[in-house]
Amino acid sequence: MNVSPLDLRQQRFRSAFRGFHKVEVTSFLAAVADDYEQALRETDKLRQDLARVETALNEHREHEKNLQNTLTTAQRLSDDIRAHAELEGRRIIREAEGRSDLLLEKTQSRLEDIQREIDGLKLKRRDVETSIEATIQTLRNTLEYVREQEAREREDKILLHRPRLAEQPAADQDDAQETRRSESGIRN
């Protein structure tokens, strides 16, 4: 049976012979009704507080669940990003190595081509030097021959234009020959 504070205040007892003192019973019932009413208010207040706390707890549990899901998703996303970054890094390294290998091969090939060109130019230089030296030697020989020819022609002209003296002493003839030799040496 549920008894409200109002029921306690309105409760009336019948009188009986040698019964309780009416004023005391009424005072007691009023005090009990007040205490009971206060207890009901506190209970109601505690129920409201409990409902608020349960609501807040449910909200916190929901937030915790959301945070847990978010953390799990973030962890998965982080793992995916890390894996993707590692794959991308490996791919970039492979491409860079491939490009560097190709560049190295091209450079090596170009180096070999340049070395062949250098060797070819060295051979050409030796050929040109040999050719120039041969040409210089030929020109020297030709010049020497031309000078000798000119000297002979001059001597022949001098001899043709000089009168021959049979009576010239041997010393004069030696002087003439010496003069001719010195003239031919000057021209050489």
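See above for the structure.
Keep in mind it's a predicted model, so treat the numbers as computed, not measured. Every chain is numbered independently, its residues counted from 1 as its sequence is written. Local features are withheld for residues below a pLDDT of 70 in this predicted model, meaning they are given only at 70 or higher, and side-chain atom pairs are given and counted only at 80 or more; totals for whole chains, interfaces and linings count all residues. In computing side-chain values, all of the structure's heavy atoms are included and hydrogens and water are not.

**Some remarks on the overall build of the protein**
Okay, step 1: Secondary structure is summarised from DSSP: a helix means a run of H or I of at least four residues, a strand means a run of E of at least two, and numbering begins at the N terminus for each. The helix and strand tally for the protein stands at three helices and zero strands.
Okay, step 2: Listed by position from the N terminus, the elements making up the protein come as α-α-α.
Okay, step 3: Across the 188 residues of the protein, 4% fall into the buried class.
Okay, step 4: Residues count as neighbours in contact if any of their non-hydrogen atoms are within 4.5 Å of one another. Taking contacts inside the protein between residues at least 6 apart in sequence as the whole, the part at least 24 apart equals 65%.
Okay, step 5: For the accessible areas, the method is Shrake-Rupley and the probe is 1.4 Å, while residue cover comes only from the protein chains on display. Accessible surface computed for the protein: about 17100 Å², of which carbon and sulfur atoms make up 56%. Burial classes: relative accessible area under 20% of the type maximum marks a residue as buried, over 50% as exposed, and values in between as partly exposed (1.4 Å probe, protein chains only).

**Concerning the pattern of salt bridges**
When their charged atoms lie close together, side chains carrying opposite charge are able to pair.
Okay, step 1: Within this document, salt bridges are pairs made up of a side-chain nitrogen of Lys or Arg and a carboxyl oxygen of Asp or Glu, the two lying within 4 Å of each other. Within this structure, the stated rule accounts for twelve salt bridges.
Okay, step 2: A salt bridge links Arg 41 to Glu 37, with the shortest nitrogen-to-oxygen separation between them at 2.4 Å. Taken together, the residues span about one helical turn, with Arg 41 and Glu 37 both in helix α2 (residues 22-161) at a distance of four residues.
Okay, step 3: You can call Arg 41 exposed: its relative accessible area is 54%.
Okay, step 4: Residues participating in the shared-partner salt-bridge network are Glu 88, Arg 91, Glu 95 and Arg 99.

**Focus on a nonpolar patch on the surface**
Okay, step 1: What makes a patch is a set of residues exposed beyond 30% relative accessible area and free of salt bridges, joined within 9 Å when like-charged and within 5 Å when nonpolar (Val, Leu, Ile, Met, Phe, Trp, Tyr). On the surface, Val 128, Ile 132 and Ile 136 cluster together into a nonpolar patch covering about 240 Å² of accessible area.
Okay, step 2: Along the chain, Ile 136 falls in helix α2.
Okay, step 3: The exposure class assigned to Ile 136 is partly exposed, which follows from its relative accessible area of 38%.

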